[in-house]
Amino acid sequence: MSRDERRFEITTALEVQGLTPAELQSFADRLHASVLEASKSFPSVVAFFVGTAEEDEVEVGLRIQGVNPTELDRIATQVIDDALDLVQERGAGVSPKPSFVGSQLVVA
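A quick note: this is a predicted structure, and the numbers were derived from the prediction, not measured.

Cut-offs and rules
- Residues numbered from 1 in each chain as written.
- Predicted model: local features only at pLDDT ≥ 70, side-chain atom pairs only at ≥ 80, totals over all residues.
- Heavy atoms only, no water.
- Axes fitted to C-alpha atoms, helices over the stretch in contact; angles between N-to-C directions.
- Helix = DSSP H or I, 4+ residues; strand = E, 2+ residues; numbered from the N terminus.
- Parallel < 35°, antiparallel > 145°, perpendicular 65-115°, else oblique.
- Left-handed = near helix turned anticlockwise from the far one by under 90°.
- Contact = heavy atoms within 4.5 Å.
- Nonpolar A, V, L, I, M, F, W, Y, C, P; charged D, E, K, R; others polar.
- Core = buried A, V, L, I, M, F, W, Y, C linked by side-chain atoms within 4.5 Å.
- Buried < 20%, exposed > 50% of the residue type's maximum accessible area, 1.4 Å probe, protein only.
- Polar contact = N/O pair within 3.5 Å; in protein donor to acceptor, adjacent residues only side chain to side chain.
- Salt bridge = Lys/Arg side-chain N within 4 Å of Asp/Glu carboxyl O.

Asks: I keep staring at the packing of helix 1 (residues 21-39) against helix 2 (residues 72-89) and nothing clicks. Help me out?
Replies: Where helix 1 meets helix 2, the closest approach of the two axes is 8 Å, and the angle between their N-to-C directions is 120°. One element, helix 1, and the other, helix 2, form an angle in the oblique class. In the packing of helix 1 onto helix 2, the handedness of the crossing is right-handed. Of helix 2, the residues touching helix 1 (which contributes Phe27, Arg30, Leu31, Ser34, Val35, Glu37, Ala38 and Ser39) are Val79, Asp82, Ala83, Leu84, Leu86 and Val87. Here the contact of helix 1 with helix 2 is composed, by residue class, of nine nonpolar, two polar and three charged.

Asks: When you look at the nonpolar core in this model, what are you seeing that I'm missing?
Replies: Within soluble globular proteins, side chains that are nonpolar tend to cluster in buried spots. Counting 28 residues, the largest nonpolar core has Leu31 and Leu62 as its most contacted members. Within the residue set of this core, elements represented by two or more residues are strand 1 (7-15), helix 1, strand 2 (45-52), strand 3 (57-65) and helix 2. In this view, Leu62 contacts Phe8, Glu9, Ile10, Val35, Val45, Ala47, Phe48, Ala76 and Val79; residues no more than four positions away in its chain are not counted.

Asks: Even after reading the chapter, I still don't get the environment of Ser26, so can you show me in this structure?
Replies: Relative to the assigned elements, Ser26 resides in helix 1. With relative accessibility at 29%, the residue Ser26 sits in the partly exposed group. The spacing of Ser26 and Val16 is ten residues in sequence and 12 Å in space, taken between C-alpha atoms. Here Arg30 takes part through its side chain, which lies 2.6 Å from a polar atom of the side chain of Ser26.

Asks: Whenever I open this one, the pattern of salt bridges confuses me. Can you help?
Replies: Close approach of charged atoms lets side chains of opposite charge pair. Going through the model one piece at a time under the given rule, you end up with three salt bridges. Glu9 is the partner of Arg63 in a salt bridge, and the nearest nitrogen-oxygen pair spans 2.5 Å. Here Arg63 is found in strand 3, whereas its partner Glu9 is found in strand 1, with 54 residues between them in sequence. Its salt-bridge partner being Arg90, residue Glu37 comes within 2.3 Å of it at the nearest N-O pair. Residue Glu37 is found in helix 1, and its partner Arg90 is found in the loop between helix 2 and strand 4 (99-107); the two are separated by 53 residues along the sequence. Taking the relative accessible area as the measure of exposure, Glu37 reaches 38% and is therefore partly exposed. Residue class for Arg90 comes out partly exposed when judged on its relative accessible area of 45%.

These results come straight from atomic positions and should not be treated as a statement about function.
Written out as structure tokens, the structure reads:
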């Protein structure tokens, strides 16, 4: 597999405090739409998912292809930060802003 074909999958958990399960799902849905928009600035992001994980967590998974592995964290962080900002700008954010819990990287 050439360098341009290498794929990486990074999943990041975000802690979102003080929401009911229905509110958490609604936030995840809004975040999904914002990740779609934010990822358009990064052609290396070829797929993603957003979903609820635990009672106070949302997971964002990104499939990133054709980049230097040292860029993965920067790209993932930027896409997620931009998406969270978009949710906030649209008046659909949560307070306090979700915090990063951790990430897991898989070479696909």
